[in-house]
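Here are the chains, one letter per residue:
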Amino acid sequence: MTSVLYDAPGPRAKRRNVLFSVVFVALLALLAWGIWRTMDDKGQLKWSLWQPFTTSEAWTTYLLPGLGNTLKAAALAMVIALPLGAFFGIARMSDHRWMRVPAGVVVEFFRSIPVLLLILFTNEFYARSTNVTTADRPLYAVVTGLVLYNASVLAEIVRAGILALPKGQTEAAYAIGLRKGQTMTSILLPQAVTAMLPAIVSQLVVIVKDTALGGVMIGYPELLNARSTFAANYADVIQSFIGVAAIFIAVNFLLTSFASWLEGRLRRSKKSTGAVLTEDTVEVNPAAVGGSFGTGGEGGGLPGSGTYL
């Protein structure tokens with residue numbers, strides 16, 4: 001059996017794939033054993049070093065407040081970056097040059113700058129040019145830097161998702177008299193969201209992880225920053241890194257799992273119900289339809305100008 005993208009493996013290829021899988025698992029197990037043995041020889045597996053994770057004081061004083069600040073900054077950045085990215089992504093497809101060119105410049109500019117540089121710059125900007133307090137400045141800087149960078153990336157995701165749709169979708173919408181703005185909001189965006197969801201979630205995971213840059217560079221009290229205080233108090237540096245890494249993995253796994261569930265639900269909800277449309281259930285613009293097929297009518301033909309915005 002073959003696929004559009006590749007030929008199905010034969011008996012020899014299957015045996016080779018099984019052999020490669022066995023060798024990879026064996027090497028992975030050997031690496032894990034080597035790490036375990038090294039940590040045991042260095043005394044890093046003593047229960048006294050891991051015990052702080054079982055106490056409520058460690059969680060309520062260090063880990064949970066740090067996790068809360070991480071989620072707070074990530075949530076604010078997500079809420080602001082998503083609509084901003086959608087706006088610039090749609091603006092880049094505008095028919096008007098005065099809207100398309102500035103949107104493209106903004107997206108390409110902020111997408112080319114490292115997010116760490118944006119965080120450091122905005123922190124200095126808030127310190128020298130605004131009245132933001134010293135306590136609130138790290139949060140403002142982290143959120144602003146994450147929004148500027150990730151909104152530009154999300155803009156390209158939105159633009160690519162919309163352009164990936166078949167042109168027949170747009171042409172059919174124009175044929176029944178929809179304007180470009182209506183076509184975008186009612187036809188294109190709802191279909192593109194499902195296709196864009198995996199890429200959007202990947203970017204949201206990046207936002208959660210990039211909050212750690214604010215903790216390391218400007219002292220924002222997020223999870224990784226709280227880890228340093230935790231490690232200094234309990235003298236378990238390696239264990240604190242492993243524990244914080246496990247928390248990040250759990251948070252991002254929950255985020256991706258929710259996105260997978262949501263994507264499946266959206267795909268199932270968009271499946272055809274098999275209903276037959278009649279004149280009573282469809283409202284058609286006679287002028288647009290008549291003009292499109294050459295029967296006269298004001299406003300006939302496919303729209304050739306205008307913008308999505």
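Structural data are supplied above this passage.
Structure report, in brief. Please read all numbers here as calculations on a predicted model, not as lab measurements.

Things to note about the packing of helix α9 (residues 223-234) against helix α10 (residues 237-269)
Phase 1 of the analysis: Between α9 and α10, the shortest axis-to-axis distance is 9 Å and the interhelical angle comes to 155 degrees. The pairing of α9 with α10 is recorded here as roughly antiparallel in orientation. Crossing angle aside, the handedness with which α9 passes α10 is right-handed. Contact residues: α9 offers Leu223, Leu224, Arg227, Phe230 and Ala231, while α10 offers Val237, Ser240, Phe241, Val244, Ile247 and Phe248.
Phase 2 of the analysis: Split into classes, the residues belonging to the contact of α9 with α10 amount to nine nonpolar, one polar and one charged.

Thoughts on the packing of aromatic side chains
Phase 1 of the analysis: Counted under the stated rule, the structure contains ten aromatic pairs.
Phase 2 of the analysis: Ring geometry for Tyr126 versus Tyr140: centroids 5.7 Å apart, planes at 80 degrees, classification edge-to-face. Of the two residues, Tyr126 is situated in helix α5 (residues 115-129) and Tyr140 in helix α6 (residues 137-163); the sequence distance between them amounts to 14 residues.
Phase 3 of the analysis: Judged by its relative accessible area of 39%, Tyr140 falls in the partly exposed class.
Phase 4 of the analysis: Each residue in the set Trp50, Phe53, Tyr62, Phe230 and Tyr234 is aromatic and connected to the rest through ring pairs, giving one cluster.

Details of α6
Phase 1 of the analysis: Here α6 spans 39 Å end to end across 27 residues, near enough to the 39 Å set by a 1.5 Å rise per residue.
Phase 2 of the analysis: For α6, a buried count of 20 out of 27 residues is recorded, marking the element as mostly surrounded by other parts of the structure.

A closer look at the nonpolar core
In summary, soluble globular proteins display a tendency toward joint burial of nonpolar side chains.
Phase 1 of the analysis: Of all hydrophobic cores here, the largest spans 44 residues; its most connected members are Val142, Ile162, Ile207 and Leu223.
Phase 2 of the analysis: Here this core takes twelve residues from α6, the largest share from any one element.
Phase 3 of the analysis: Apart from the residues within four sequence positions on either side, Val142 is in contact with Ala73, Ile119, Thr211, Gly214, Ile218 and Tyr220.
Phase 4 of the analysis: One finds Phe88, Ala91, Ala103 and Val107 within the second-largest nonpolar core, a separate group that totals six residues.

Section: the side chain of Asp210
Phase 1 of the analysis: Of note, Asp210 is situated in helix α8 (residues 180-217).
Phase 2 of the analysis: Summary of buried charges: Asp210 has no salt-bridge partner, and the nearest side chain of opposite charge, Lys209, is 6.9 Å away.
Phase 3 of the analysis: When sequence neighbours within four positions are dropped, the list of residues in contact with Asp210 reads Val115, Ile119 and Leu146.

Parameters and conventions
- Residues numbered from 1 in each chain as written.
- Predicted model: local features only at pLDDT ≥ 70, side-chain atom pairs only at ≥ 80, totals over all residues.
- Heavy atoms only, no water.
- Axes fitted to C-alpha atoms, helices over the stretch in contact; angles between N-to-C directions.
- Helix = DSSP H or I, 4+ residues; strand = E, 2+ residues; numbered from the N terminus.
- Parallel < 35°, antiparallel > 145°, perpendicular 65-115°, else oblique.
- Left-handed = near helix turned anticlockwise from the far one by under 90°.
- Contact = heavy atoms within 4.5 Å.
- Nonpolar A, V, L, I, M, F, W, Y, C, P; charged D, E, K, R; others polar.
- Phe/Tyr/Trp six-rings, centres within 6.5 Å; stacked < 30°, edge-to-face > 60°.
- Buried < 20%, exposed > 50% of the residue type's maximum accessible area, 1.4 Å probe, protein only.
- Expected span 1.5 Å × (residues − 1).
- Core = buried A, V, L, I, M, F, W, Y, C linked by side-chain atoms within 4.5 Å.
- Lys, Arg positive; Asp, Glu negative; His and termini not counted.
- Salt bridge = Lys/Arg side-chain N within 4 Å of Asp/Glu carboxyl O.

Everything listed is a geometric property; what it means functionally is a separate question.
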